[in-house]
Amino acid sequence: MISVQNVTKDYKLGKTIVKALRGVSLDIENGEFACISGPSGCGKSTLLNLIGCLDKPTTGKVIIDDEDVGKLNANQLAEIRNRKIGFIFQSFNLIPVLNVYENIEMVFMSWKDLPKEEMNKRITSLIEEVGLKDYLKHKPGELSGGQMQRVSIARALVTEPQVVLADEPTANLDSKTSKIILEIMVNMNNRHDTTFIFSTHDPIVSEYAKREINLFDGVIKSEIIEDRN
Ligand code: ADP
Ligand code: MG
């Protein structure tokens, strides 16, 4: 479980201070499929970066599994990122010289304790789940945007993280491909019970979420939770 408690984030920009988050509190339970929505500049990436232990809040706390991540050192933060969190980026962030299989295998670089056969099993089964069985040996340059984002989804899940964070995962995709990517994410959330938190400024994309946290100017403006009855 993730708990964001009274978090603010200021960025210094020359002599001015940008107040990107101005007091955000939020609990996310395991297995949720949640969206952070809101216009460009409202603080979505800032909030995801804090949850992803990529940055620290100016004030307030981010707690992951009862651990206040603000108290951890750089190595401990890296450990949490490697073990508990999967990342999906809007620009896919694949390595051009590596093929699909190798791009996913990459994330195991810092894992010394997983047998090679287990790695192989996980990678091939995820590649199949995202529908890229016939593209194992393809390099990113030989794939479409949608296919590259499928690779990122597999890469984010291969370490069996507790939570996957996706910052505007469909921003570089057309609307039809965006739907397909969202549907794959929904399936992965159901099948693996992995928590998903994604951000978007697109109302059509946020519709897929079971919970929508709407940000405006660095604060939560409203929250919509899907009626499950
Ligand atoms: P979003 O992802 O919703 O578009 P961001 O979290 O990226 O919003 O940004 C929130 C606010 O913080 C914006 O006004 C943005 O310009 C500012 N900001 C984000 N990152 C930095 C940074 N590294 N330095 C200065 N200002 C930043
Ligand atoms: Mg952003």
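Cut-offs and rules
- Residues numbered from 1 in each chain as written.
- Chains lettered and ligands numbered in written order.
- Predicted model: local features only at pLDDT ≥ 70, side-chain atom pairs only at ≥ 80, totals over all residues.
- Heavy atoms only, no water.
- Helix = DSSP H or I, 4+ residues; strand = E, 2+ residues; numbered from the N terminus.
- Contact = heavy atoms within 4.5 Å.
- Areas by Shrake-Rupley, 256 points an atom, 1.4 Å probe, with all protein chains shown as cover.
- Near = heavy atom within 4 Å.
- Polar contact = N/O pair within 3.5 Å; in protein donor to acceptor, adjacent residues only side chain to side chain.
- Nonpolar A, V, L, I, M, F, W, Y, C, P; charged D, E, K, R; others polar.
- pLDDT = per-residue confidence, 0-100.
- Patch = residues over 30% accessible without salt bridge, like charges linked within 9 Å, V, L, I, M, F, W, Y side chains within 5 Å.
- Salt bridge = Lys/Arg side-chain N within 4 Å of Asp/Glu carboxyl O.
- Buried < 20%, exposed > 50% of the residue type's maximum accessible area, 1.4 Å probe, protein only.
- Expected span 1.5 Å × (residues − 1).
- Arc of directions from axis to C-beta.
- 1 Å grid on protein atoms, 1.4 Å probe; cavity = no way out; pocket = protein on both sides within 12 Å on 5 of 7 lines; lining within 4 Å.
- Points joined across faces, edges and corners; volume = space filled by probe spheres on them.
- Core = buried A, V, L, I, M, F, W, Y, C linked by side-chain atoms within 4.5 Å.
- Pairing = 2+ DSSP bridges.
- Axes fitted to C-alpha atoms, helices over the stretch in contact; angles between N-to-C directions.

Novice: Which parts of the structure should I look at to understand the overall build of the protein?
Specialist: Tallying secondary structure elements over the protein gives 7 helices and 10 strands in all. Dimensions of the protein along its principal axes, counting C-alpha atoms only, are 50 × 45 × 40 Å. A sequence separation of at least 24 residues applies to 69% of the contacts in the protein between residues at least 6 apart. Summing over all exposed atoms, the protein offers an accessible surface of approximately 11,700 Å²; the carbon and sulfur share of this is 50%.

Novice: Please clarify how the site of ligand 1 should be interpreted in this entry.
Specialist: Tyr11, Leu13, Val18, Ala20, Pro39, Ser40, Gly41, Cys42, Gly43, Lys44, Ser45 and Thr46 make up every residue found near ligand 1. Taking Gly41, its main chain carries an N or O atom lying 2.6 Å from an oxygen atom of ligand 1. Contributing elements (two or more residues each) for the shell around ligand 1: strand E1 (2-13), strand E2 (16-28) and helix H1 (44-51). If you tally residues by element for the shell around ligand 1, the top one is H1, at 3 residues. The class makeup of the residues in the shell around ligand 1 is 6 nonpolar, 5 polar and 1 charged.

Novice: Looking at this structure, how should I read the confidence of the model for the protein?
Specialist: Considering every residue of the protein, the mean pLDDT works out to 95; 99% of them sit at 70 or more. Summarising per-element confidence for the protein, the mean pLDDT is lowest in helix H7 (residues 203-206) (92) and highest in H1 (98).

Novice: Looking at this structure, how should I read a nonpolar patch on the surface?
Specialist: On the surface, Tyr11, Leu13 and Val18 cluster together into a nonpolar patch covering about 260 Å² of accessible area. Within the fold, Tyr11 resides in strand E1. Given a relative accessible area of 31%, Tyr11 falls into the partly exposed group.

Novice: Quick question: what am I supposed to make of H1 here?
Specialist: Residues that lie three or four places apart on an α-helix share one face, since the helix turns once every 3.6 residues. Among the 8 residues in H1, 6 count as buried, and that is most of the element. Looking only at H1, the buried set comprises Lys44, Thr46, Leu47, Leu48, Leu50 and Ile51. One or two residues past the end of H1 sits Cys53, with phi positive at roughly 60°.

Novice: How do you make sense of helix H4 (residues 116-129) when you look at a structure like this?
Specialist: Here H4 spans 20 Å end to end across 14 residues, near enough to the 20 Å set by a 1.5 Å rise per residue. Of the positions making up H4, those classed as buried are Met119, Arg122, Ile123, Leu126 and Ile127. With its buried residues spanning 125° around the axis, H4 presents them on a single face. Exposed residues on H4 whose side chains face more than 90 degrees from its buried face are Glu117, Lys121 and Glu128. Where H4 is buried, its residues touch helix H3 (100-105), helix H5 (145-157) and helix H6 (175-192). Positive phi appears at Gly131, one or two residues downstream of H4, with a value of about 80°.

Novice: I would appreciate a short explanation of the layout of surface pockets in the present structure.
Specialist: Vacant regions in the atomic arrangement are exposed by a probe of water-molecule size rolled over the atoms. The space that makes up the largest pocket amounts to roughly 450 Å³. Around the largest pocket, the lining comprises 19 residues; the ones closest to its centre are Arg81, Asn82, Ile85, Phe87 and Val107. Secondary structure elements with two or more residues in the lining of the largest pocket: helix H2 (74-84), strand E6 (85-89) and H5. The biggest single contributor to the lining of the largest pocket is E6, with 4 residues. Its residues placed into classes, the lining of the largest pocket shows 11 nonpolar, 6 polar and 2 charged.

Novice: Would you explain the nonpolar core in this entry?
Specialist: The nonpolar side chains of soluble globular proteins are, as a tendency, buried together. In terms of nonpolar packing, the biggest core is built from 37 residues, with Ile104, Ile153, Met185, Met188 and Phe198 touching the most fellow members. Mapped by element, the contributors of at least two residues to this core are strand E3 (33-37), H3, H4, H5, strand E7 (163-167), H6 and strand E8 (195-200). Excluding residues within four positions of it along the chain, Ile153 makes contact with Ile88, Val130, Ile181, Ile184, Met185 and Met188.

Novice: Would you mind going over the sheet that holds strand E10 (residues 219-225) with me for this structure?
Specialist: The strands that make up a sheet pair up through hydrogen bonds in the backbone, lying either parallel or antiparallel. The 6 strands are arranged E6-E7-E8-E3-E9-E10 in an open sheet whose pairing can be described as mixed. A strand with exactly one partner marks an edge of an open sheet, and here the two such strands are E6 and E10. Between one strand and the next, the sheet's axes are offset by a mean angle of 15°, whatever the strand orientation. As defined by bridge partners, E7 adjoins E8 across 5 bridges and the pair is classed as parallel. Bridging across to E8, Val163 finds its partner in Thr195.

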